[in-house]
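These are the residues of each chain, in order.
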Protein chains: 2
Amino acid sequence: MKNSEGSQALLEEAASKLRQAGYKLTRPRRVIMEWFYRKQEHATPHQVHAAVKDFGVGLTSVYRNLELLAQVGILRQVCFHDGYQRYEPVLPGDHHHHLICSGCGKVVKFFNCDLDKLEEQLAAETGYVVDRHMLQVFGYCRRCQKDR
Amino acid sequence: MKNSEGSQALLEEAASKLRQAGYKLTRPRRVIMEWFYRKQEHATPHQVHAAVKDFGVGLTSVYRNLELLAQVGILRQVCFHDGYQRYEPVLPGDHHHHLICSGCGKVVKFFNCDLDKLEEQLAAETGYVVDRHMLQVFGYCRRCQKDR
DNA sequence: GGTCTAACTGAAATTTGATTTCAATTAGAC
DNA sequence: GTCTAATTGAAATCAAATTTCAGTTAGACC
Ligand SMILES: [Mn+2]
Ligand SMILES: [Mn+2]
Ligand SMILES: [Zn+2]
Ligand SMILES: [Zn+2]
């Protein structure tokens, strides 16, 4: 119940963001957002498509809307450096990064990146307006350590 | 002079790493490494190929050897999240990351990432053997701020 | 030096994630 | 309801990256 309530609230918030940015709330967009809010996990365009194609959403629209939803701030792009794009939902107050197993691809979230001062310092030193950062930590999970 | 001496020393060191790993020191590999040590900058496979094709090095070999040289620790993969692979030379005692302008792609290096404790903490918490991390900071350079 | 062979190469073919094109559909303003 | 610009899905296309394969070569061994 908590979950579906949260999902509903997030969806309304997202719809409002879309409207505010001048975009329509189309069926593909709603389906994609609902899926992400239910799953609350990162996914590649093909994974998203596999999950929504039964609702008549084409792969092209998946690509287009993942990009658009990220631009509006409903999704965010993440990168595991395996050659695939990935997106995940932006949840309120959730700033995290990923620890990735180089052996099997298993991913663990972590939340204490603590890079605010670095961003400030960089802005001061370079004159850049600093926006955001992406951080990925790599290693080997317990299982993959044994297999070596 | 300092520079060419350094280049020479790095090249010998790299050749030794290759030998040690059981790989041959072929002409394409030497040409690619020489180019990276001279340029000391990140580059995409196509940029590397443009620079070495006049020495008879094919694009396929560029791809293959960038991957191999990275695996041996002579190069390292870097990522600007623009859909292209990039590599740069591993120079002794040089740990840096990139501040990238989302407007024009201009890149500034920085050296004070300070993520060792985070890595240790993650290792302790998760049981992963932590290897390395990748960090990219995004913003807008002075020029691109005006254009907006 | 010469001989040998597994490692390596470049060109061409192929794969595949992502983008572009375009005619048909639709969200939402009026 | 009417209208229209935004949006869609299928197909075509693009381009980065990989695979294939016959020919070449680094370097071990004499
Ligand atoms: Mn995540
Ligand atoms: Mn660099
Ligand atoms: Zn693993
Ligand atoms: Zn810029």
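Residues numbered from 1 in each chain as written. Chains lettered and ligands numbered in written order. Predicted model: local features only at pLDDT ≥ 70, side-chain atom pairs only at ≥ 80, totals over all residues. Heavy atoms only, no water.

**Student:** Hey, could you run me through the packing of aromatic side chains in this one?
**Tutor:** Here the distance between the centres and the angle between the planes together describe a pair of aromatic rings. Counted under the stated rule, the structure contains two aromatic pairs over all chains. Here the aromatic rings of Trp35(A) and Phe36(A) are separated by 5.1 Å at their centres, their planes lie at 70°, and the arrangement is edge-to-face. Exposure remark for Trp35(A): the relative accessible area of 12% places this residue in the buried category. Taking NZ or CZ as reference, Arg132(A) lies 4.3 Å from the ring centre of Phe138(B), over its face. (Phe/Tyr/Trp six-rings, centres within 6.5 Å; stacked < 30°, edge-to-face > 60°. Buried < 20%, exposed > 50% of the residue type's maximum accessible area, 1.4 Å probe, protein only. Lys NZ or Arg CZ within 6 Å of the ring centre and 35° of its normal.)

**Student:** Quick question: what am I supposed to make of the relation of the copies chain B and chain A here?
**Tutor:** Copy one and copy two of the chain differ by a rotation about a common axis and a shift along it. Superposing chain B onto chain A requires a rotation of 180° together with a translation of 0.0 Å along the rotation axis, leaving an RMSD of 0.0 Å. Taken together, these values place the two copies in the relation of a two-fold axis. Scanning chain B for the C-alpha nearest the rotation axis identifies Leu135(B), at a separation of 2.2 Å. Looking at the interface residues of chain B, 100% of them are also at the interface in chain A, so both copies use one shared face. (Least-squares fit on C-alpha atoms with pLDDT ≥ 70 in both. Contact = heavy atoms within 4.5 Å.)

**Student:** Sorry if this is basic, but what is going on with the sheet that holds strand E3 (residues 97-101) of chain A here?
**Tutor:** Taking strand neighbours across the sheet as the criterion, the six strands line up as E4(A)-E3(A)-E5(A)-E5(B)-E3(B)-E4(B) in an open arrangement whose pairing is mixed. The outermost strands of the open sheet, each flanked by one partner alone, are strand E4 (107-110) of chain A together with strand E4 (107-110) of chain B. Across this sheet, the average inter-strand angle for adjacent strands is 25°, counted without regard to direction. Sheet topology places strand E5 (residues 129-140) of chain A next to strand E5 (residues 129-140) of chain B; 11 bridges connect them, and they run antiparallel. Bridge assignment links Val137(A) to a residue of E5(B), and that residue is His133(B). Relative to the sheet, helix H5 (residues 116-126) of chain A contacts E5 of chain A together with strand E3 (97-101), E4 and E5 of chain B, its axis offset from that of E5(A) by approximately 130°. Contacting E3, E4 and E5 of chain A together with E5 of chain B, helix H5 (residues 116-126) of chain B runs over the sheet at an angle of about 130° to E5(B). (Pairing = 2+ DSSP bridges. Helix = DSSP H or I, 4+ residues; strand = E, 2+ residues; numbered from the N terminus. Axes fitted to C-alpha atoms, helices over the stretch in contact; angles between N-to-C directions.)

**Student:** Help me understand helix H3 (residues 45-52) of chain A, please; the structure alone is not making it clear to me.
**Tutor:** Side chains that are three or four residues apart share a direction in an α-helix, a result of its 3.6 residues per turn. Residues and elements named next belong to chain A. Taken together, the buried positions of H3 are Pro45, Val48, His49 and Val52. End-on, the buried residues of H3 take up no more than an arc of 100°, which puts them together on one face. The secondary structure elements touched by the buried residues of H3 are helix H2 (27-39) and helix H4 (59-72). (Arc of directions from axis to C-beta.)

**Student:** It is not clear to me how the environment of Asp94(A) should be interpreted in this structure. Could you clarify?
**Tutor:** Residues and elements named next belong to chain A. By the secondary structure assignment, Asp94 is in the loop between strand E2 (86-89) and E3. On the accessibility criterion, Asp94 (15% relative accessible area) is buried. Sequence spacing of Asp94 and Phe111 is 17 residues, and the spatial spacing of their C-alpha atoms is 7.9 Å. With residues up to four places along the chain from it excluded, the contact list for Asp94 reads Arg76 and Phe111. A distance of 2.9 Å separates the side chain of Asp94 from the side chain of His96, its partner in a polar contact. (Polar contact = N/O pair within 3.5 Å; in protein donor to acceptor, adjacent residues only side chain to side chain.)

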